[in-house]
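Notes for the structure review
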Amino acid sequence: MMGLGSNGYASSMTRKIGRTYDVPDGVDIRGRYDEEFAKILTKDALQFVAELQREFRNRIKYALECRKEAKRRYNEGALPGFDPVTKYVREGDWVCAPVPPAVADRKVEITGPVERKMIINALNSGAKVFMSDFEDALSPTWENLMRGQVNLKDAVDGTISFHDQSRNRVYKLNEQTAKLFVRPRGWHLPESHILIDGEPATGCLVDFGLYFYHNHANFRRTQGAGSGPFFYLPKMEHSREAKIWNCVFERAEKMAGIERGSIRATVLIETLPAVFQMDEILYELRDHSVGLNCGRWDYIFSYVKTFQAHPDRLLPDRVQVGMAQHFMRSYSDLLIRTCHRRGVHAMGGMAAQIPIRDDPVANEAALDLVRKDKLREVRAGHDGTWAAHPGLIPAIMEVFNNNMGNAPNQIQTMKREEAANLTEDDLLQRPRGVRTMEGLRLNTRVGIQYLAAWLTGTGSVPLYNLMEDAATAEISRVQNWQWLKYRVVLDGDGLGVKVSLDLFGRVVEEEMARIEREIGRERFKKGMYKEACNLFTRQCTTPNLDDFLTLDAYNHIVVHHPRGSSRL
Ligand SMILES: CC(=O)SCCNC(=O)CCNC(=O)[C@H](O)C(C)(C)COP(=O)(O)OP(=O)(O)OC[C@H]1O[C@@H](n2cnc3c(N)ncnc32)[C@H](O)[C@@H]1OP(=O)(O)O
Ligand SMILES: O=CC(=O)O
Ligand SMILES: [Mg+2]
């Protein structure tokens, strides 16, 4: 039946008039109309997204409520740990469905936002897999999301091309390309440009639903050798969230009439609570799993967030929280042991270094750090790892090939049984190191510049020769917040200064001046640095830590049509 949705917005009938999307009942599109987007936002595809939303919305709300409840417990002093109730899952002798041959070899995976030229470059990069990102690397503006869907469809169809007019260069796919994985947003992010029964849709169901609907058939025929599509699933905190994804996959397979277990996903273990749920997460997804990945940057962010009310667990400077810290090494080791025991890939994480074009010495030093990080990963037993930039792929591939030879993975050969002895204490051990004024300054300078880019539609940026994305920016934000909240003493540079609101205010002012000097007055004026600064400062000084930087910032990038910009 046609009619007004509960929000009173126009329904299918009226929306057909003029240049608007043809939507099913109860769905309202409040993002800009574009003929290209209309090929993605078809009535049938939207019907599928709406069905997912209606079937799973209550379970998603419940899962998010459970996160709040867990936060309340941690804030009262509890520590995350293994759940005695699911001991039988951890001790059981089950395995996941066999790895599809198309993705047995995942030695190097490149990641990047769903941007047209980058998709082509990444697929042509020589990496085994390309993880195309609606998440940490993407600012989820309506334009980015919908163009991203158009780009992915063209990529799966094999027709994607890009003409760089300034360089008169045409980009096309090579004969041999990386296998495509897609990372939808996390459960917490709404999609405010699509209302379903008057409520913003769940962002990840939009990303997943539209991509799956348009691409499953072609993907399985070409890329997947009969299986797929393949996904990465971010930021989960509990196996109940993985169970929802499993049900979403089953629902999608049924809709498409394809075999159960066709869809495969790698879950990022990138929250502290999730490290105690790795078996449980794999168990829920056992017919759809193709491994776990060490999402190390969000994991560090989550350590601070989980322990926001624990002043005895403050982090040292961000640069000191590397994989050599005991809690980080333990997490990687246990992830490898868990995955290999269950017959799936244990993927390594992202080194933040990127090529430094104008300084060969610094470039070699950065490459060396990447090689060391990757050597540690492959020796520990990881089956593959991430690269942020095509320029890093040859070096990383060499490290993995040298240590794995012709084997596609180490699932059967690196069992890491001894990691079964890792305890809750190992996984939670306090990071060691010092805190410095430079740490505070760098967090501030990077956090503001990242947010300024994000607000103008760019979700991953090079800053001071490192890759920065939403996960690394989160570390900067929560670390500043934690240091301010507990008035920590900056003990690492011999100054012994206490972090206070006054000090932070001065640091913000000085770092803004430094940013302006570094990028030039014109760019500074034209950019969104002041807005970013206000947002970042508010987030660092708020009495109650916001769960996500991007939830607050999202309100600034929602643009409703035809009524102008609107807040959630
Ligand atoms: C914590 C996490 O979640 S990690 C995963 C999420 N983060 C990411 O995916 C980050 C991915 N990386 C990037 O976005 C970029 O590499 C950045 C922003 C870090 C650096 O970008 P730039 O400074 O523009 O790179 P640079 O100028 O050196 O690029 C050179 C070429 O490589 C391409 N390139 C760079 N990174 C990538 C990538 N990840 N995928 C595909 N192509 C890439 C550029 O498009 C450019 O191509 P061109 O020569 O044809 O024009
Ligand atoms: O998504 C990856 C991370 O490190 O965060
Ligand atoms: Mg992440």
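Data block above holds the structure.
All of the points below concern the structure found in this document. Values in this document were obtained by computation on a predicted structure and should not be read as measured data.

**Looking at the nonpolar core**
Counting residues in each nonpolar core, the largest one holds 151 residues, and the members touching the most others are Val-49, Val-267, Leu-335 and Leu-451. Inspection of this core shows a minimum of three residues originating in each of domain 1 (49-428) and domain 2 (437-565).

**Examining the site of ligand 1**
In the region of ligand 1, 23 residues are neighbours, and Thr-111, Gly-112, Asn-121, Asp-136 and Ser-460 sit closest. Elements with a minimum of two residues in the shell around ligand 1: β2 (108-113), α5 (116-123) and β14 (461-463). Per-element tally for the shell around ligand 1: the top contributor is α5, with four residues. Along the lines of polarity and charge, the residues of the shell around ligand 1 split into 14 nonpolar, five polar and four charged. Taken domain by domain, the shell around ligand 1 gets at least three of its residues from each of domain 1 (49-428) and domain 2 (437-565).

**Some thoughts on the sheet that holds strand β7 (residues 190-196)**
One open sheet accounts for three strands, arranged β1-β7-β8; its pairing is antiparallel. Sheet topology places β1 (27-29) and β8 (199-202) at the edges, where each strand pairs with a single neighbour. Ignoring which end each strand starts from, the neighbouring axes of this sheet average 55° apart. Of the pairings in the sheet, the one linking β7 to β8 comprises four bridges and is antiparallel in character. Following the sheet pairing, Glu-191 is matched in β8 by Ala-201. Helix-sheet contacts for helix α7 (residues 203-221) involve β7 and β8, and the interaxial angle to β8 is about 55°.

The rules behind these values
Residues numbered from 1 in each chain as written. Chains lettered and ligands numbered in written order. Predicted model: local features only at pLDDT ≥ 70, side-chain atom pairs only at ≥ 80, totals over all residues. Core = buried A, V, L, I, M, F, W, Y, C linked by C-beta atoms within 7 Å. Buried ≥ 20, exposed ≤ 12 C-beta atoms within 10 Å, placed from the backbone. Domains from an automatic or database assignment. Near = placed C-beta within 6 Å. Helix = DSSP H or I, 4+ residues; strand = E, 2+ residues; numbered from the N terminus. Nonpolar A, V, L, I, M, F, W, Y, C, P; charged D, E, K, R; others polar. Pairing = 2+ DSSP bridges. Axes fitted to C-alpha atoms, helices over the stretch in contact; angles between N-to-C directions. Contact = placed C-beta atoms within 7 Å.

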